[in-house]
Amino acid sequence: MTSIWRSTLTLAGAATLSFGVAHAQQPDLSDPPPIEGEVISEDLGSHTLRMGIGLAETSPQYLSSKYFAEILNERTEGRITVNIFPNSQLGDDVQMMEMLQTGSLDLTYPSSSPATTYVPELRVFDLPFLLPTRDAAVAVMQSDAAQEMLDGFEGTGIKALAFSENGFRQLTNSEREVSSPDDVEGLTIRTMENQVQLSIWEALGANPTPMAFGEVFSAMEQGVIDGQENPWSTILTSNFNEVQDYGSETRHVYTPFILMMSERSWERLDPQYQELVQDAARKSAEYEIQLASEYDNWAREQLAETGMEITRLDDDQIAAFQDAVESVYDEWAPEIGEDLVESIRQIASENQ
Ligand code: TK8
């Protein structure tokens, strides 16, 4: 898809992309990677699993979940079927994690932020501007420290299988162009249900309002909130541009998704099936990260094409946001664990 845009420089020096040359290629959603690996022909039981996710059928989250389901189905010759329910139709992240604990749902795919109630160390991912690039984020998600966080779910009723990419979060709002922390002052911004996220937007002078993801669109439509923050692909696939006029490329937090299974469902599986589920989770998470990275810039350009005024921030403007949220580290690094924060910072700096 090509379209001719013209970059305009605002007084604040921020480039507001209303026109420009589209750089991002449209993501290739046609074929997920070929399904490889041993087929389990032995009848080790049949399972029909229900999976609830928050995002739409066009999202990398859904497309990679479909791939996860296809791997399981093909490599058990149809004995494991996964039925996926998108668009938060079974509930929001918090509710679906609780459903895993009671066994009323088999699989879900929340962001790490609402999962910090189970594994508080996950709050490290909520620290602003901690992960500077996707390479750094992927290296952290694949680190031993991250695996320990997944293991930390043991005994909660949740089997955490793999990290993948929700992505770099961007601010949208219906009031005004935002290119500095001063512009955030007084905006009512929906946040995920997570204390560190609240601290970020309080530090920026906003009025943060924690809310389940499934309620965000109607809250913006009714003017209950002025804005929200999510990766461009979520903003696009959730049609937030229909009720939000301004987007700012703040990249203020990188949020992972966590692919999770009910421990009850997990324990019903033959060990060979458990190994297969773990392998399928790893492979679908890799595919999700690939899709999310292809979607990121393309989604931003699609949003601009639909008329959303996208403000891209230069280094100085990002630095102003970083300075404004420095207090979040003072408040939360001791809580999360200075050593953990430092080790994640180290991995990030070695893998930029
Ligand atoms: C979707 C959520 C969403 C998250 C949020 O289930 O709540 O804003 O970024 O993607 O996990």
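Residues numbered from 1 in each chain as written. Predicted model: local features only at pLDDT ≥ 70, side-chain atom pairs only at ≥ 80, totals over all residues. Heavy atoms only, no water.

1. Some thoughts on the overall build of the chain
From N to C terminus, the chain includes 13 helices and 13 strands. The C-alpha atoms of the chain give 20 Å as radius of gyration, which agrees with the globular expectation for 352 residues (20 Å, within 12%). Its C-alpha atoms give the chain principal-axis dimensions of roughly 70 × 50 × 40 Å. The buried share of the chain, reckoned over its 352 residues, is 59%. Excluding contacts between residues fewer than 6 apart, the proportion of contacts in the chain whose partners are at least 24 apart in sequence is 76%. A total of about 14,400 Å² of accessible surface is found on the chain, and carbon and sulfur atoms cover 44% of it. Mean positive and mean negative side-chain charge positions of the chain (19 and 60 charges, respectively) differ by 5 Å. (Helix = DSSP H or I, 4+ residues; strand = E, 2+ residues; numbered from the N terminus. Rg over C-alpha atoms; globule rule 2.2 N^0.38 Å. Buried < 20%, exposed > 50% of the residue type's maximum accessible area, 1.4 Å probe, protein only. Contact = heavy atoms within 4.5 Å. Areas by Shrake-Rupley, 256 points an atom, 1.4 Å probe, with all protein chains shown as cover. Lys, Arg positive; Asp, Glu negative; His and termini not counted. Charge placed at Lys NZ, Arg CZ, Asp CG, Glu CD.)

2. A closer look at the confidence of the model for the chain
When pLDDT is low, close inspection of the predicted coordinates is not appropriate. Mean pLDDT for the chain: 93, with 93% of residues reaching 70 or above. When pLDDT is averaged over each element of the chain, strand S5 (residues 107-108) comes out on top at 99 and strand S1 (residues 7-9) at the bottom at 36. Predicted confidence for residues 1-20 stays below pLDDT 50, and this span has 51 contacts to residues more than four positions away or in other chains. (pLDDT = per-residue confidence, 0-100.)

3. Things to note about the pairing of strand S8 (residues 188-191)
Residues Thr188 and Arg190 point to one face of S8 and Ile189 and Thr191 to the other, with burial holding for every one of them. Sheet topology places S8 next to strand S9 (residues 207-210); four bridges connect them, and they run parallel. Bridge pairing in S9 places Thr191 opposite Pro210. Since S8 and S9 lie parallel, the crossover through helix H6 (residues 195-203) that links them has a hand, and here it is right-handed. (Pairing = 2+ DSSP bridges. Right-handed = clockwise from strand over helix to strand, strands pointing away.)

4. Some remarks on the sheet that holds strand S4 (residues 80-85)
Pairing is mixed in the open sheet, where five strands are placed in the order S4-S3-S5-S12-S6. The open sheet has two edge strands with one neighbour each: S4 and strand S6 (158-168). As paired strands, S5 and strand S12 (residues 254-262) are joined by two bridges and run antiparallel to one another. Considered in S12, the bridge of Leu107 is made with Met261. Running over the sheet, helix H3 (residues 134-141) touches S6 and S12 and is turned about 175° from S6. (Axes fitted to C-alpha atoms, helices over the stretch in contact; angles between N-to-C directions.)

5. Description of the packing of aromatic side chains
Summed over all chains, the structure comprises eight aromatic pairs. A centroid spacing of 5.5 Å and a plane angle of 55° characterise the contact between Tyr109 and Phe257, whose relative ring orientation is tilted. With Tyr109 in the loop between S5 and H3 and Phe257 in strand S12, this residue pair connects regions lying 148 residues apart in the sequence. As far as burial versus exposure is concerned, Tyr109 and Phe257 are alike and both buried. (Phe/Tyr/Trp six-rings, centres within 6.5 Å; stacked < 30°, edge-to-face > 60°.)

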